[in-house]
Amino acid sequence: TAGFVICLRLLQKRFLRKSSPSSFFATLISIPLLAAILFLGIRGRIEEKAPLNWGQAYFSDYAFANLLALNPVFTFGRDLLYDSGSKHDVDRLMSDLPVTGAYAKTAALLGLPAESADTLTSRIVRPVRFESPSTDRPNVILILMESFASAGVGCLKSRVEPQVTPRFDSLAQHGVLFTDFYSAGMHTYAGILGSHYGYPSVPGKSPMKQVTSQDNLWGLPSILGKYGYHTMFFTTHDPHFDNMQGFLKSNGMQEVYSLFDFDESQKLSTLGVPDHVMFDSALEHLHDKIGRPFFAALLSGSNHGPWFVPDVPFGALPDTIPDAQRLNAFKYSDWALGRFIDQLSSDSAFANTIVLITGDHGLLMKPIYDLDLSLFQVPLLILDPQKRAGESRRVDRIGSQVDILATIMGMLRLDYDNYTFGYDLMAADSSRTDYAIFSEGYKIGIVENDQFAIVRPGHEHSLYNLAAPEFDLAAHERKLLAGMSDKALAYFQTAYFNLQYPLHMNHVLHNSGETR
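Description of the structure in this document.

What counts, and where the lines are drawn
Every chain's residues receive numbers from 1 upward, in the order its sequence appears when written. Only residues with pLDDT of at least 70 are given local features in this predicted model, and only at 80 or more are side-chain atom pairs given and counted; all residues enter the totals for whole chains, interfaces and linings. Only heavy atoms go into the side-chain values, all of them from the structure, while hydrogens and water stay out. In this scheme, strands are said to pair when DSSP sees at least two bridges between them. Counting from the N terminus, the helices are the DSSP runs of H or I reaching at least four residues and the strands are the DSSP runs of E reaching at least two. Every axis corresponds to a line fitted to the C-alpha atoms, with the helix fit spanning only the stretch in contact, and the corresponding angles, defined between N-to-C directions, vary from 0 to 180 degrees. Patch definition: residues above 30% relative accessible area lacking any salt bridge, with like charges linked at up to 9 Å and the nonpolar side chains Val, Leu, Ile, Met, Phe, Trp and Tyr linked at up to 5 Å. We get accessible surface area from the Shrake-Rupley algorithm with a probe of 1.4 Å; when it comes to residues, only the shown protein chains can shield them. In the sections that follow, a salt bridge refers to a side-chain nitrogen of Lys or Arg positioned within 4 Å of a carboxyl oxygen of Asp or Glu. Oblique is the label for any angle not covered by the other classes, which are roughly parallel (under 35 degrees), roughly antiparallel (over 145) and roughly perpendicular (65 to 115). Two helices crossing with the near one rotated counterclockwise from the far one by less than a right angle form a left-handed crossing, whereas a clockwise rotation gives a right-handed crossing. Whether two residues are in contact is decided by their heavy atoms, any of which lying within 4.5 Å being enough. Under the scheme applied, nonpolar residues are Ala, Val, Leu, Ile, Met, Phe, Trp, Tyr, Cys and Pro; charged residues are Asp, Glu, Lys and Arg; polar residues are all the others, including Gly. Note on exposure labels: buried denotes an accessible area under 20% of the residue type's maximum, exposed denotes more than 50%, and partly exposed covers the range between, all computed with a 1.4 Å probe on protein chains only. Pairing of aromatic side chains requires ring centres within 6.5 Å, counting the rings of Phe and Tyr and the six-membered ring of Trp. Pairs whose planes differ by under 30 degrees are stacked, by over 60 edge-to-face, and all others tilted.

Attention now goes to the sheet that holds strand 13 (residues 451–455). Taken in spatial order, the 4 strands line up as 11-12-13-14 in an open sheet, and their pairing is antiparallel. If you trace the sheet from one side to the other, it starts and ends with strand 11 (435–440) and strand 14 (462–465), each paired once. For this sheet, the mean inter-axis angle between neighbouring strands, taken without regard to orientation, is 15°. For strand 11 and strand 12 (residues 443–448), the ladder comprises 6 bridges, and the chain directions are antiparallel.

Right under this line is the structure:
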């Protein structure tokens, strides 16, 4: 920096002071131009979706090589000026939550012995060993549909007319449909973190952008990769949005396919290519992997503002109906999904393939609460010709995205160490009460039995019976509310600190079979 400043001073003395004063009009032109150049330099790239982040330096399967590729000045400056203060503020707030014995309470929720650890930095871990592990290696496809809210799904609790999900409604008759299922948060990064790695959404900067998340999470890509699976992620748009590519590739995902793998002419909006184009491309890549088991995660994008849909025969709604543009985006995404499943089903190469379909998060529709359930309620549908999940049926038990990892591993019957906050939804466990915990910012929602509590640290909490959602029962059910809020805060606090403190022993534990 000192050398740079000295050079600037020398240049200034030699050239700038000898030149004639610039005109007023030249100044007017140069100032905006200089500002634009400075802004571009700060942002680092010209793609619409995301600025420069550490994931763009990642090029290798080896963590140390990736770290060497980082710009040290950028990384240090970002940590010092941008991340450090905000992270310390969030750490302090999370440490001061009004809950005692958070780890022990969370351990009890997850079936761990409370005495196994007593600090918030202790990692949640449950060794899962099957009496008769499977030797079969079916393919697994996990589809995260953008904003695929239960409030818009016809076979669930639809709040919209006309119906926009005829294909999903038809598919639901041939699989296991979870009807009371929740996302981890209301953003795409929360859906990825919850469904792939079994962690709830936490406050502060997205964990996917934090340096502590590099090579640190033991999720589906890492676990299945150890079992010989080829792991792939597909999306319609910029792979660096929310630092998806950097995060996923540093945590077990071997390949990421995105906007830059398509011709520029196929791009429809800031959300990249239409869903059906991404699905078609994914199908081609999956065909290339036949012969080796694969895990593929597909993230759609069309059911999101600016709500542009391609000119394809999906049965568009007339422009005269209210909110036609948004509803058509929802209906188009449903059509693209159904078309993809039809292609899979008609191809014998994918006969041994488990498909899970859920939403990355919900969509605000006719809200009732300040932390509205429509933002978090999404379907989970499991399709499997081999019936590992049993016969087609509707399942009303409560579940959430953090349960997806354990549920998949339960169907595969492969031994693993469960570092998640989730359960196998197919396993019968009479000792636990089903619940779902989700959050946005510092507001936490917990659904248990027929009750829904909104926990607002530092402010008044609310309690509702889902059968009568308009009445706040906080003043009348203080004991019930206290129990639910304490449970939610303990779970939330433990998850937060588990994510902040790296544990690089997880690979060793998994390979050796030891437990801590």
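That shown, we press on.
Before going further, it helps to examine a nonpolar patch on the surface. A contiguous nonpolar patch, built from F4, V5, L8, L11, F15 and L16 and spanning about 620 Å² of accessible area, is present on the exposed surface. Here F15 is to be found in the loop between helix 1 (2–14) and helix 2 (24–43).

Turning next to the packing of helix 10 (residues 275–288) against helix 11 (residues 324–345). Between helix 10 and helix 11, the shortest axis-to-axis distance is 9 Å and the interhelical angle comes to 20°. Of the possible angle classes, the one that applies to helix 10 and helix 11 is roughly parallel. Remark: the crossing between helix 10 and helix 11 carries right-handed chirality. Residues D275, H276, F279, D280 and L283 of helix 10 pack against Y332, S333, W335, A336, L337, R339, F340, Q343 and L344 of helix 11. Considering only residue class, the contact of helix 10 with helix 11 consists of 8 nonpolar, 3 polar and 3 charged.

Moving on, we come to unusual backbone geometry. Cis geometry marks the peptide bond from E161 to P162; its omega dihedral reads -5°. For P162, the location among the structural elements is in the loop between strand 2 (139–145) and helix 6 (166–171). Here K366, not a glycine, exhibits a phi torsion of approximately 50°, which is positive. The class for K366 is exposed, based on a relative accessible area of 60%.

Attention now moves to the packing of aromatic side chains. Within the structure shown, the criterion is met by 19 aromatic pairs. Aromatic pair Y197 and F247: ring centres 5.3 Å apart, planes at 75°, arrangement edge-to-face. In this pair, Y197 sits in helix 7 (residues 188–197) while F247 sits in helix 9 (residues 244–249), placing the two residues 50 residues apart along the sequence. Taken as a pair, Y197 and F247 share a single burial class, namely buried. Ring plane angle 15° and centroid distance 4.9 Å describe the contact between F234 and Y257, whose orientation is recorded as stacked. Of this pair, F234 sits in strand 4 (residues 230–235) while Y257 sits in strand 5 (residues 255–257), placing them 23 residues apart in sequence. Of the two residues, F234 and Y257, both sit in the buried class. Each residue in the set Y182, Y369, F376, F438, F452 and Y464 is aromatic and connected to the rest through ring pairs, giving one cluster.

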